[in-house]
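# Inside the fold
The primary structure of each chain is shown beneath.
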Amino acid sequence: MNPAAQAIPLTSRRKGPLAGRVRVPGDKSISQRSLILGALAVGETRIAGMLEGGDVISTANAMKALGATVERVGEGAWRVLGVGVGGFAEPAAPLDFGNSATGCRLAMGAVAGCPITVTFDGDASLRTRPMRRILDPLEKMGARTLEIREGGRLPAVVQGARDPIPIEYEAPVPSAQLKSAVLLAGLAAPGTTTVIEKEATRDHTEKMLKHFGASVRVSPYGDHGRRIVLDGQPELEAAPVVVPADPSSAAFPLAAALIVPGSEVVLEGVMMNPLRTGLLTTLKEMGAAIELVAKRNEGGEEVADLRVTPGALKGVDVPAERAPTMIDEYPILAAIAAFAEGETRMRGLKELRVKESDRLEGTAALLRVNGVEAEIVDDDLIVRGKGRAAGGGVVTTHMDHRIAMSALVMGLASEQPVGVDDSAFIATSFPGFVELMRSLGADLT
Ligand code: S3P
């Protein structure tokens, strides 16, 4: 699937309340990692609840090209036969990761520990994203960047290390992709590989490595950080993976239920990993009515059903240190903030500039074109909420799924309809978004 092939404009408009019980697709981060770790393990990994979005399909294809067997055996059910740590074969053609930085960057880490040469590429959005942050530490571990476009952009030709070197690396930016790439390269290195992060980011790689039998030790570092130590050259053993519903996808119907009067929506089995729940913390501070019911453990993660109804919301100050736990949720939080009363200031959003698009600019533009006051001051986004949005704008999505979904959710409660120039990229992370929203009563055409 290549979403870029044809733009699909879409418009959302105000209608009655939203109601129903739905389950959003599987978590993107965990789906990606299950394929990559499955490909590095010995034996057969069975995955249930897999996200079958464009990003994950790109990674599945890449793992096949590197020598693993990857098969879909039913709805959301996949099997992966791995090649073992360091066992990737050199692919015949460039690996195309489409829109997915996660797939690309984690695969770079895994390839860095194998003596093969691989060309990494992606779509026009992925080609704008910085890769030096990943390749710098991988080069310290013995990999070589043979070719790369100016500015450290894809396509890049990477030669993995014959004898990978374990390192201790302090991440200069809070990024789970960077941390994961170093840890995956460290799998093939003798001795211990250590990553220090000053601000803790999502820990799915560490957790899944342990689940596959690797020895990983995690300890606190400073006020908000972690130190992760991996023992190299483990025999990774295939293990079953159950993928919980993606909190970053759940954020969209959740937001819609908060801002469309009279709604009542239940989101089933949403992952509650504390490194992913910054949006819920923020919404609680804003006064949102979100009830967590039936908390339970599924596949090693805490999950809950979320019951969401609308209520009066107030603007809040979102501290910078919360950003890693809600990094993908700022566009939708900004849309919600328009419907709150008062100013919401979201601090420390520098990393948003290097997402699928410049999400800081894109989010501000999304609001402004729909009559909401928004300002960027340094790395902060300020939204002046007036309990309403005029709507009437057509949002440029810049190949960014989350900008598209945030705009469409906003249109469900705006005075005038909200359009997006292209909804095709929604399928990279949330296939079935439009149908799911319609099943709740949303008017999307
Ligand atoms: C992800 C990490 C985050 C996030 C992305 C998924 C992951 O990116 O934005 O959607 O699965 O590791 P960064 O590592 O660049 O913060």
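Small disclaimer: the values here were computed from a predicted structure and weren't measured.

Cut-offs applied
Residues numbered from 1 in each chain as written. Predicted model: local features only at pLDDT ≥ 70, side-chain atom pairs only at ≥ 80, totals over all residues. Heavy atoms only, no water. Pairing = 2+ DSSP bridges. Helix = DSSP H or I, 4+ residues; strand = E, 2+ residues; numbered from the N terminus. Axes fitted to C-alpha atoms, helices over the stretch in contact; angles between N-to-C directions. Contact = heavy atoms within 4.5 Å. Near = heavy atom within 4 Å. Polar contact = N/O pair within 3.5 Å; in protein donor to acceptor, adjacent residues only side chain to side chain. Areas by Shrake-Rupley, 256 points an atom, 1.4 Å probe, with all protein chains shown as cover. Nonpolar A, V, L, I, M, F, W, Y, C, P; charged D, E, K, R; others polar. Domains from an automatic or database assignment. Salt bridge = Lys/Arg side-chain N within 4 Å of Asp/Glu carboxyl O. Buried < 20%, exposed > 50% of the residue type's maximum accessible area, 1.4 Å probe, protein only. Parallel < 35°, antiparallel > 145°, perpendicular 65-115°, else oblique. Buried area = accessible area lost by both parts, 1.4 Å probe. Left-handed = near helix turned anticlockwise from the far one by under 90°.

### Details of the sheet that holds strand S12 (residues 216-221)
If you walk across this open sheet you meet the four strands as S10-S11-S13-S12, and the pairing is mixed. Every other strand in the sheet has two partners, leaving strand S10 (168-170) and S12 as the edge strands with one partner each. Here the strands of the sheet are splayed against their neighbours by 15° on average, with no regard to which way each runs. For strand S11 (residues 192-197) and strand S13 (residues 225-231), the ladder comprises six bridges, and the chain directions are antiparallel. Looking at S13, one finds that Glu 197 is bridged to Arg 226. Where helix H6 (residues 204-211) meets the sheet, its contacts fall on S11, S12 and S13, and the angle it forms with S12 comes to roughly 150°.

### Structural notes on the site of the ligand
What surrounds the ligand is a group of 13 residues, the closest being Ser 29, Arg 33, Ser 175, Asp 328 and Lys 355. Within the side chain of Ser 175, a nitrogen or oxygen atom sits 2.7 Å from an oxygen atom of the ligand. At 2.9 Å, a backbone N or O of Gln 177 approaches an oxygen atom of the ligand. If the ligand stood free it would expose 380 Å²; the protein chains cover 95% of that surface. For the shell around the ligand, the secondary-structure elements that each account for two or more residues are helix H1 (28-40), helix H3 (101-112) and helix H5 (176-186). The element that contributes the greatest number of residues to the shell around the ligand is H1, accounting for three residues. In terms of residue class, the shell around the ligand is built from three nonpolar, four polar and six charged. Residues lining the shell around the ligand come from more than one domain, with at least three contributed by each of domain 1 (10-26 + 247-444) and domain 2 (28-232).

### Section: the pattern of salt bridges
A complete count under the given rule lists 42 salt bridges for this structure. Residue Asp 246 pairs with Arg 276 through a salt bridge whose shortest N-O separation is 3.1 Å. Of the two residues, Asp 246 is situated in the loop between strand S14 (241-242) and helix H7 (247-259) and Arg 276 in the loop between strand S15 (264-271) and helix H8 (278-286); the sequence distance between them amounts to 30 residues. Summarising the burial analysis for this pair, Asp 246 and Arg 276 share the class buried. The partner of Asp 400 in a salt bridge is Arg 359, with the nearest N and O atoms 2.8 Å apart. Of the two residues, Asp 400 is situated in the loop between strand S22 (394-395) and helix H11 (401-411) and Arg 359 in helix H10 (residues 359-368); the sequence distance between them amounts to 41 residues. On the basis of relative accessibility, which here comes to 0%, the residue Arg 359 falls in the buried class. A single salt-bridge network, built from bridges that share partners, covers Arg 129, Arg 202, Asp 328, Glu 356, Arg 359, Asp 400 and Arg 402.

### Section: the packing of H1 against helix H2 (residues 54-65)
Where H1 meets H2, the axes come as close as 10 Å, and the angle between the chain directions of the two elements is 5°. On the basis of their axis angle, the class for H1 and H2 is roughly parallel. Residues Lys 28, Ser 31, Gln 32, Leu 35, Ile 36 and Ala 39 of H1 pack against Asp 55, Val 56, Thr 59, Ala 60 and Met 63 of H2. Along the lines of polarity and charge, the residues of the contact of H1 with H2 split into six nonpolar, three polar and two charged.

### Structural notes on the domain arrangement of the chain
Taken domain by domain, the chain comprises domain 1 (10-26 + 247-444) and domain 2 (28-232). Taking only C-alpha atoms into account, the centre of domain 1 sits 28 Å from that of domain 2. If you look at the interface, domain 1 gives 25 residues, while domain 2 gives 28 residues. Between domain 1 and domain 2 lies a buried interface of about 2,100 Å² when both sides are counted; carbon and sulfur atoms form 51% of it. Taken together, the links from domain 1 to domain 2 amount to four salt bridges. Here Glu 356 and Arg 129 are joined by a salt bridge, their closest N and O atoms 3.7 Å apart. Its residues assigned to classes, the side of domain 1 that touches domain 2 shows eleven nonpolar, six polar and eight charged.

### A short note on the environment of Thr 281
Relative to the assigned elements, Thr 281 resides in helix H8. As a C-alpha pair, Thr 281 and Met 326 span 45 residues in sequence and 9.5 Å in three-dimensional space.

### Digging into the packing of helix H9 (residues 330-338) against H10
Closest axis-to-axis distance for the H9/H10 pair is 10 Å, and the angle between their directions is 25°. Considering the angle they form, H9 stands roughly parallel to H10. Between H9 and H10 lies a crossing of right-handed hand. Residue-level contacts link Tyr 330, Pro 331, Ala 334 and Ala 335 of H9 to Arg 359, Thr 363 and Leu 367 of H10.

### Quick notes on unusual backbone geometry
Between Leu 154 and the following residue, Pro 155, the backbone shows a cis peptide bond with an omega angle of 0°. Following the sequence through the fold, Pro 155 ends up in strand S9 (residues 153-159). At Gln 233, a position not held by glycine, the phi torsion is positive, near 55°. In this fold, Gln 233 is placed in the loop between S13 and S14. Given a relative accessible area of 52%, Gln 233 falls into the exposed group. The backbone of Met 399 sits at a positive phi, close to 60°, despite the residue not being glycine.

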